[in-house]
Structure formats: structure tokens, C-alpha cells
Amino acid sequence: MKKYCCSFFVLLLFVFSAFGQSMRTVYSGAEVIPIVGSPINDGWVLVQNGKIIDVGGDASNKVWTADTRIIDVKGKVIMPGLVDSHSHIGEVSGADSSGPIQPEIRTLDSINPRAASIQRAQAGGITTANIMPGSGHLDSGQTLYIKLRDDANTIDDLLIFDKDNNYMGGIKFANGTNSLRGSGGFPGTRAKSAALVREKFIKAQEYKAKIENAKGDASKMPARDLAMETLVEVLDGKRVIHHHTHRHDDILTVLRLKKEFGFRLVLQHVSEAWKVADEIAAAKVPASIIMIDSPGGKLETTDIKWENGSALEKAGALVGFHTDDYITDSRLFLRSAGFGVRSGMSRNKALYGMTMANAIMLDMQDRVGSLEKGKDADFIILSGDPLSVYTTVEQTFVDGKKVFDRADPKDYLVAVGGYGAGNDRLIHIDCFDGDIAGGNH
Amino acid sequence: MKNLIINSKNLSFIFAVLLTANCLLVTVSAQVAIKGETVYTMAGKPIKNGVVLTAGGKITNVGPASTVSIPSGFKVIEAKVVTPGLIDAHTVIGLAGYLNQPHDQMQVERSSPMQPDLRAIDAYNAREELISWVRSLGVTTIHTGHAPLALISGQTMIAKTVGDSVDEATLVPTAMIATTIGNAARGAGSKAPGTTAKQAAMLRQMLIKAQNYGKKKEFSRDLKLEMMKKIIDREIPLLVTAHRSRDIMTAIRIAKEFNIKIVLDGVSDAHLLTKEIKESGFPVILHATMMRAGGDSESASMESAAKLKRAGIPVAIQSGYEGYVPKTRVVLFEAAVTVAYGMSFEDALATITIDAAKVIGLDKRIGSIEVGKDADIAMYDGDPFEYSTHCTGTMINGMVVSTVVR
């Protein structure tokens, strides 16, 4: 009987959600900040089947067809879901201490899709994130791009697929002090760090040449090597390097290696970007920066400046923000843009840096990062100006589906904290055989 | 001729001398008028088009421009918004430095779990970069000292965020004794205290010893008990950092048993215990609003400040202790966030000005813009809490000590 009830409810839920997704819904009357294009007062966003059908203005005088559900959001602000180009949510882990370069490691195999940290990111308006392993290695493994969808049972429910149907992700590299361990094969100096990486890429070039020379003849193919296969993806430009780097000289070392091996690159953290902004811009390499409340905490970040954003903007580089969660709290990701403007960025570029710039860094500019016809219906409804400390995220939508609602007590708890806020997500269906509640972690 | 050549080294020396002379001049005899479009005195309603007069390091007059005229000879500074200098009710900067290397991390000594004899003044680096950082963001007074990382980690002190030496900076050399009940104060391996119950037992035993200290006619001095005796005699409060509700209740239980003054610190679970904390009468120095929730602080809520305020509990907001990045938080930003989570603007400002002054026992001297108080002022080009506003100047003891627009 219980099972029967369950299947009935699942069916009901399926019907409802399918109905909800396919129905034309318009969010009407808000200030719409599409990121690509000017802000629209009295604007509207029309969505259906998880996509944006269109965006426009003069909402008050607009007449909608009878099959359109109209949601009145007057007085609110709608902007694209935030894209976090560097996060550690989902209890992610990466390479172990057995070696400094481990390209074969997949964060895919380590993420807890029910982690409270993922819910907190939804509460902060983040809809897409680059989940990175740590920075204690020259290469700590492959990163994973996820959509912060709701009710994920397995990691598969969060994946994003490219046009060849491969799940999307990059690879994490780091230089500077984090990986300087001086034992167990780890480098002891900066020069050694670079030498180890160059050596590995030269091996990958040779591996790639063997594959090309085999011309499809299986007997001439090199033995499968997961690390080499991954680095060949990097050499082929299929996998972007997200490179943790702080000091000006370390930043330039990364640019030098890029020149030598031709890989695609996003600079991450770039604490001293203000010292080498012109070089970064000239290399046409995007920079993903972080806003920290005070300098220091480690030797390489004593010279970090809030002005990194404005310096990069001025130099003409593509600049985005990241949380590096848990370093900064995903629930307050919008602070980053606020501090960008505080220290000289234009309002437009600061908001671009929360959305479109990061979408470009993750090769997702055709799908997310702006409110445009045909893009994924990932958007957030804010109580006011995105750059104000008094503004809160009220609702977050991924693929047209609401994944966070501040008016829902469970979501509210996640957004503000309190007893039980740190628990993993509980499965919402409650007529199920057996114990299905996610426990504490 | 050689002697007359002025190289850059000499030049900078000359500048240094001139600067010092200038500063001394300002310290001794500065007469400054600060005009603010809005002046939040924190002693009455905000003043539109207000004027604050300072002389001899003190506030000599404050009021609307229509009633307070600026005497001749006063240097005039203008700002959109003027507030009292901000007070960080609990930090570790000065003992903890921004390099985060062993030589600049003096906030905890791990050879023994109870060391009330460790004086903060013996470890305070007045020239620490983090101090000038918070000063540039309006912070003029810090309650700093040993970190919440041992059962009794040592003493705390109160300092102005200026001065080249601890003596120049210090207001109160021994303010409180830093005590922690919770996971952060557990001993490593099999070292005591291994549990919170053990922490309570050890703390009680220490207080019992202190009760008896000095009662015999002849006794040898014991620096630890000498300090704990000050707690027993209610000369200074015990600063008890506790996050979980059970640990907060332990702190209150022990305070009642020994009839001592305590200040409740951190208190992530305070939102669950507003009735109990209110009844205890003890003030609260609440964790940083943006503190990471996890471990003992997993139930931290950004609404706690508002809930405590509504319950009528005196509350200050702290920057707290940070082990990594950011190496310190900034109370201006921590108070700002509470406004999005239920606090009124002025209540939030009070947690880092007048209410913070009350909790650290210096409200007669700092925390508001009133005649006779120290001329500690922060100036801004807009709403102090807004992300895109800048702190444009900071004054301490009547002297402008920061003009960085940050």
C-alpha cells in the first residue's frame, strides 16, 4: 500500500513538474538586468521548457495569451543566475599526497550532491559553479561544471553536457607556495614547480604524437594512460586550465607556460593582478578574482587589492569573480560586485563579472550568464539593487525551476542560518519505504 | 660640499622629521571642525548638517550647524556621513599578524591549557598591518588579546588603533581573561581537557584555588592565581567564548556558582537561548555575522544580532579570530550585514560603537559623539554600511590618522 501511495505521488509530482516546466510563465514588472543589453524598467522575462523565450519592457501594458502564467514581480530586480568560476562546495576532494601532478583525478567522483553547501550557494543566487579540487598540488585534478539543480539524488543530476554529450569541466593547476612541500616528489622551489609541469606537458605532447601517428591503427596506439589522456585534452583546448596563482611573478610564469604549450587558460585568484594587469590583458587571458575583507593570511596575498577588478577592467582584460567557498560565503557572493564598484569598477563590468564573464570562462556563454532569447532559464529575483548590502536573494531558478525561495521556511533556514542549517538536504518526498532522510554530516 | 648634497635617503629622513613634528603639533593642539551632512552621534537622534568640534583630543561641541559655529583657527573637514570611531569588541589583531607565519602568530601558547598570566601587552605589535587596515575602515578602538583557542589562553587588552608602541596604544592593559569552552579548547591527543565537561571541571578548580589565594598570612606570589583572583573579586570579567548552547549554559552556571562577572562571547546558539541569556544579565559579544558556520558554530544565524537586540540583551559585534584568509574581518562590514537580517540601521551601528563601548566598559570615554569624550571619529562618503561607500577619514584623539579613501 505504502509503495502504491509512493508511486502515485511520484507520478503526480512528475505530472506537476512537467506541467510547470512546459507552461509559459512570465515574470513581469521587475527591473530586468539582462547583462547583455541595458537594464529594463518595468521589464518581463518569459520562460518555457527551461529556456528563456524572450525578454522585454513595458510590462504594464503587455497583453499575454491565456495560456501564460503571469507572476507579478513589481518592485523586484531580475538578473541572470550567478556563475561562480571557482568554488569548493559539495564537500569536494581531489588529488591525494602521493604526487604533485594528478590529472587523472576527477572531482566528479567526490562530490556529495546533497551537501548543505550546495543549498547555501542556491540561496546566494548561484546557478552554475565550477567545482574545484584544492590547491596543494601543481595539478590537483579535473574540475566539474555543475548546474545547481534541486533535489539531486546523484551527481549525474547536476552535470552539464557539451554538444558532444561529454560532461563539462576544466582542470585545476596551481603555482606558488601551496604546492611547495619539498618532499614526496613535490617541488621545493618555484623554478622546480615550473620544470615539473613542463616535463609533464612534454610527455603529453609525445603521447599525443603517438596517437596521431597511429592513424587509428589500434596496434600502434600507446597504452592507455588516464593522466596523459587528460593532458592531451588540455593540449587540444578541450579542457581549460583553471590556474591558482597569486604573486605577480607566478602569474607571469603561468602566461609563459601558456605560450610554450598553447593551452587554454583562466587565471584564478590573481591576488597581484593589479601589478601585471597589462600583461594579463595582452595575453588575452581571463582572470577570475576574489574579494577578501583584509589582506594577508598567507605570504602570497599580503599585496592583494580590491582594485584588482578595476585594474583589469582598465587594462581591457576579461574579469570575473569567484567565492572560493568556503573562503567566502556563497550566500553573500553579490558582495564581490559591490566591492568591485567600491574600488573603481564600472557597475556594468562588476555585474558582468558575476555572470557573463564567468560563463565565458566556463565555455558556457551560449547557455548561461545573461537573460537572452534561447538561453537557459537561470535567473534570480532580488529584493532590490544587486550592489546593495540591504538586498537579499528572494528566489533562484535553474532551467526554469525554482530551486530557492526565501519564503519557504526550509530555504529560509539555509539562507540565514540557525539550528539544523548545516544538515544535508532531506529528500522532499516522505512516503517512501525505509530511511531516506539525509543524515547530519 | 659633500655634506650639502641631499640624497633621497636624507630627503625621506627630513620628511619623516617634518611629518612627526606635524603629527605632534596636531596631537597637542589640533582644533578641528568636522562638518557632516548626517552626524550619527549615537547619543540621541542623528543630526542633519551637523558640526563636531574637537580640541585637545576631545570633543568640545556637537550640534546642528545652525547652533554650533566654527571658531576661527579650526581646520574644517567635510564628510557626507560622520559616526563615532568604530569599536571592535573582540579581535586578536596585534597579537595575530597578517603574514600568518609562526613569528607573527602570538595569539595562543599551547604548552598549558590555562595561562591567565599571559599578558596581551607583552605580545601586542602596534605597527601590525592589520591594525592600520581596520583603522582605514573607521575602527579606532580594539579589544584584542589571546585567542579563543585554549581553556584559558591569556589576557586581553584594549587599545586605540594608533601609536608606534604598545604603551602609546593601550587604553586598558588587562581588560578580561580569555576563556573558551568548546571544541577549539580541547587538548591534542590525550592531553587535558579532552572534553567540555573536563573544561568545566578544570575551570571550576582554578576558580576555587583563586578563591583561597592570598588568604594565608604567608604565601608566595602565583601570577596565574593573582589574575584569577581579579575575576573572583569582580575587578575584571571573564571573557567566555562558547558557541554551542550547552557550553553557553555551562558558562552561565559557573558564573553563578562563583558570583563572577562574565562576558558571553561568540555564542552561535544565542538565538536559541535569548530567555536564558537575558535572565543571566550578562552582555554578549556576538560572533562576526559572516563567520563560517561549522563545527561548534554550525547553527550560527545571521539573525542573531536582531534576536538578541529584540530580547533586550546588550550586544556588540566582533570581528573574531580568523586562522587563514581573511586574516581579520572588519566590524563595519559585519554590522552592515545584520541590517539585511533584521537589525535597524542605528541598532546595527550601535553594536560597533556605543553598545560595544558599554560591553568593554569604556562608554564614559568612547563610543559616541558627546562633549568630553575622546575625539574618535569615522567619516564616509555615503551610507557607511553600503558596499560602494568609502571610509574617507578616521580621527583618533583629535588627530586625523587615516585619509585613505577605502
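In this text, all values refer to a predicted model and were calculated from it rather than measured experimentally.

**Student:** Residues and numbers for the overall build of chain B, please.
**Tutor:** Check the secondary structure of chain B and you find 11 helices and 16 strands. Overall, the C-alpha framework of chain B stretches about 65 × 60 × 45 Å when taken along its three principal axes. Counting every position in chain B, which comprises 406 residues, the buried fraction comes to 56%. Put simply, of all contacts in chain B between residues at least 6 apart along the chain, 65% involve residues at least 24 apart. Only carbon and sulfur atoms are counted for the fraction: they give 53% of the accessible area of chain B, which is about 16800 Å².

**Student:** Lay out the overall build of chain A in plain terms, naming residues and giving numbers.
**Tutor:** The number of helices and strands found in chain A is 11 helices and 17 strands. The globule rule puts the C-alpha radius of gyration for 441 residues at 22 Å, and the 23 Å found for chain A is close to it. The proportion of buried residues among the 441 residues of chain A is 56%. Surface accessibility of chain A: about 18200 Å² in total, with carbon and sulfur atoms responsible for 53%.

**Student:** Tell me about empty space enclosed by the protein, and name the residues and values.
**Tutor:** With the rule as written, the count across this model stands at six cavities of 30 Å³ or more. If you add up the space inside the largest cavity, you get close to 210 Å³. Every residue lining the largest cavity is counted, 21 residues in all, and those nearest its centre are Arg331(A), Leu332(A), Thr391(A), Thr392(A) and Tyr341(B). Considering only residue class, the lining of the largest cavity consists of 14 nonpolar, four polar and three charged. Considering only enclosed or pocket space, the second largest cavity measures out at about 60 Å³ in volume. For the second largest cavity, the full set of lining residues is Arg120(A), Arg331(A), Val414(A), Gly417(A), Gly418(A), Ala421(A), Gly422(A), Ala293(B), Glu298(B) and Ala300(B).

**Student:** Can you explain the interface of chain B and chain A? Please cite residues and give values.
**Tutor:** As a measure of interface size, the accessible area lost when the parts come together is often cited. On the side of chain A, 34 residues touch chain B, which itself brings 41 residues to the contact. The interface formed by chain B and chain A contains zero salt bridges. Breaking the side of chain B that touches chain A down by element, the ones donating at least two residues are helix H2 (129-135) and helix H9 (331-339) of chain B. For the side of chain B that touches chain A, the leading source of residues is H9(B), giving six residues.

**Student:** Just give me the short version of the pattern of salt bridges, but keep the residues and values in it.
**Tutor:** Using the criterion set out here, one finds 49 salt bridges over all chains in the structure. One salt bridge in this structure joins Asp296(B) and Arg244(B), with 2.9 Å as the shortest N-O distance. Of this pair, Asp296(B) sits in the loop between strand S12 (284-286) and helix H8 (304-310) while Arg244(B) is found in the loop between strand S10 (238-242) and helix H6 (245-258), placing the two residues 52 residues apart along the sequence. A residue is classified by how much of its surface remains accessible, and Arg244(B), at 21% relative accessible area, is partly exposed. Among the charged side chains, a salt-bridge network with shared partners connects Lys51(A), Lys147(A), Arg149(A), Asp376(A), Asp378(A) and Asp399(A).

**Student:** Go over the sheet that holds strand S14 (residues 319-321) of chain A, please, and point to the residues and values.
**Tutor:** Residue and element names in this part refer to chain A. Strands sit in the order S8-S10-S11-S12-S13-S14 across an open sheet of six strands; the sheet is mixed. Edge positions in the sheet fall to strand S8 (139-142) and S14, since each of these pairs with one other strand and no more. Sheet twist, expressed as the average angle between the axes of neighbouring strands with direction ignored, equals 25°. When strand S10 (residues 171-174) meets strand S11 (residues 241-245), the two strands line up parallel, connected through four bridges.

**Student:** A description of the sheet that holds strand S16 (residues 399-402) of chain B should follow, citing residues and the corresponding values.
**Tutor:** All names here are of chain B. Across the sheet, which stays open at both edges, the seven strands sit in the order S3-S2-S1-S4-S14-S15-S16 with mixed pairing between neighbours. Each edge of the sheet is formed by a strand with only one pairing partner; in this case those strands are strand S3 (58-64) and S16. On average, each strand axis in the sheet is inclined to that of its neighbour by 40°, with strand direction left out of account. Pairing between strand S2 (residues 47-55) and S3: six bridges, direction antiparallel. Within S3, the position partnered with Ala55 by the bridge is Lys58.

**Student:** Can you tell me about the pairing of strand S15 (residues 379-382) of chain A, naming the residues and giving the values?
**Tutor:** Residues in a regular strand point their side chains to alternate faces of the sheet. All names here are of chain A. Residues of S15 alternate between two faces, with Phe379 and Ile381 on one and Ile380 and Leu382 on the opposite face, all of them buried. Relative to S15, strand S5 (residues 77-80) is paired through four bridges, and the arrangement is antiparallel. The partner of Ile78 across the bridge, within S15, is Ile381. Sheet topology note: the S15/strand S16 (residues 393-398) ladder contains four bridges and is antiparallel. Across the sheet, the residue bridging to Ile380 is Thr396, located in S16.

**Student:** Give me the lowdown on the nonpolar core, citing residues and values where you can.
**Tutor:** With 168 residues, the main nonpolar core has Phe201(A), Tyr124(B), Leu264(B) and Phe385(B) as its most contacted residues. Considering each element in turn, this core owes the most residues, seven residues, to H9(B). With residues near it in sequence (within four places) discarded, Phe201(A) still touches Phe173(A), Leu231(A), Val234(A), Leu235(A), Ile241(A), Phe261(A) and Phe263(A). Among the nonpolar cores identified, the runner-up in size contains 16 residues, and Ala89(B), Ala175(B), Leu239(B) and Ile360(B) belong to it.

**Student:** Describe helix H4 (residues 226-235) of chain A, listing the residues and the values that go with them.
**Tutor:** All names here are of chain A. Among the 10 residues of H4, seven are classified as buried, and the element is accordingly described as predominantly covered. Taken residue by residue, H4 has Ala227, Met228, Thr230, Leu231, Val232, Val234 and Leu235 as its buried positions. On its buried side, H4 packs onto S8, S10, helix H3 (190-214), S11 and helix H5 (248-261). N-cap assignment for H4: the residue whose side-chain oxygen lies 3.0 Å from the backbone N of Ala227 is Asp225. Positive phi shows up at Gly237, right after H4, with a value of about 75°.

**Student:** Run through the packing of aromatic side chains, naming residues and quoting values.
**Tutor:** With the rule as written, the count across this model stands at 14 aromatic pairs over all chains. Aromatic pair Phe339(A) and Phe333(B): ring centres 5.0 Å apart, planes at 85°, arrangement edge-to-face. Linking Phe339(A) in helix H8 (residues 335-342) with Phe333(B) in helix H9, this pair reaches from one chain into another. The pair Phe339(A) / Phe333(B) is uniform in exposure class, with both members buried. Directly above the ring of Trp64(A) sits Lys62(A), whose terminal nitrogen or CZ lies 5.4 Å from the centroid. In this structure, Lys305(A) is placed above the aromatic ring of Trp274(A), and the distance from its NZ or CZ to the ring centre is 4.0 Å.

**Student:** Before we move on, can you summarise the pairing of S16(A) with the specific residues and values?
**Tutor:** All names here are of chain A. Summarising burial for S16: five of the six residues are buried, a large majority. As judged from the four bridges shared by S16 and strand S17 (residues 401-405), these two strands associate in the antiparallel manner. Note on S17: the bridge partner recorded for Gln395 is Asp405. The antiparallel pairing of S16 with S17 creates a hairpin that spans two residues between the two strands, and Asp399 there sits at a positive phi of about 50°.

**Student:** Give a description of the packing of helix H4 (residues 196-212) of chain B against helix H5 (residues 223-232) of chain B that names residues and reports values.
**Tutor:** Residue and element names in this part refer to chain B. Contact geometry of H4 with H5 gives a least axis separation of 8 Å together with a crossing angle of 90°. The angle between H4 and H5 falls in the class roughly perpendicular. Here H4 contributes Met206, Leu207, Lys209, Ala210 and Gln211 to the contact with H5, which in turn contributes Lys224, Leu225, Met228, Lys229, Ile231 and Ile232.

**Student:** Pulling in residues and values, what's your account of unusual backbone geometry?
**Tutor:** Cis rather than trans, the peptide bond between Asp325(A) and Tyr326(A) has omega equal to 25°. Within the fold, Tyr326(A) resides in the loop between S14 and H8. In the segment running from Ala192(B) into Pro193(B), the intervening peptide bond is cis, with an omega of -5°. Tracing the backbone shows Pro193(B) in the loop between strand S9 (177-181) and H4. For Asp58(A), which is not a glycine, the phi torsion comes out positive at approximately 55°. Inspection of the secondary structure puts Asp58(A) in the loop between strand S3 (51-56) and strand S4 (68-72). A residue is classified by how much of its surface remains accessible, and Asp58(A), at 45% relative accessible area, is partly exposed. Positive phi values are uncommon outside glycine, yet Asp399(A) reaches one of about 50°.

**Student:** Tell me about the packing of H3(A) against H4(A), and name the residues and values.
**Tutor:** All names here are of chain A. Across the interface, H3 lies against H4 with an axial gap of 9 Å and an inter-helix angle of 90°. In terms of their interaxial angle, H3 and H4 are classed as roughly perpendicular. Contacts from Lys200, Phe201, Lys203, Ala204, Gln205, Tyr207 and Lys208 in H3 reach Met228, Glu229, Leu231, Val232, Val234 and Leu235 in H4. The residue makeup of the contact of H3 with H4, split by class, is eight nonpolar, one polar and four charged.

Cut-offs applied
Residues numbered from 1 in each chain as written. Chains lettered and ligands numbered in written order. Predicted model: local features only at pLDDT ≥ 70, side-chain atom pairs only at ≥ 80, totals over all residues. Heavy atoms only, no water. Helix = DSSP H or I, 4+ residues; strand = E, 2+ residues; numbered from the N terminus. Buried < 20%, exposed > 50% of the residue type's maximum accessible area, 1.4 Å probe, protein only. Contact = heavy atoms within 4.5 Å. Areas by Shrake-Rupley, 256 points an atom, 1.4 Å probe, with all protein chains shown as cover. Rg over C-alpha atoms; globule rule 2.2 N^0.38 Å. 1 Å grid on protein atoms, 1.4 Å probe; cavity = no way out; pocket = protein on both sides within 12 Å on 5 of 7 lines; lining within 4 Å. Points joined across faces, edges and corners; volume = space filled by probe spheres on them. Nonpolar A, V, L, I, M, F, W, Y, C, P; charged D, E, K, R; others polar. Salt bridge = Lys/Arg side-chain N within 4 Å of Asp/Glu carboxyl O. Pairing = 2+ DSSP bridges. Axes fitted to C-alpha atoms, helices over the stretch in contact; angles between N-to-C directions. Core = buried A, V, L, I, M, F, W, Y, C linked by side-chain atoms within 4.5 Å. Polar contact = N/O pair within 3.5 Å; in protein donor to acceptor, adjacent residues only side chain to side chain. Phe/Tyr/Trp six-rings, centres within 6.5 Å; stacked < 30°, edge-to-face > 60°. Lys NZ or Arg CZ within 6 Å of the ring centre and 35° of its normal. Parallel < 35°, antiparallel > 145°, perpendicular 65-115°, else oblique.

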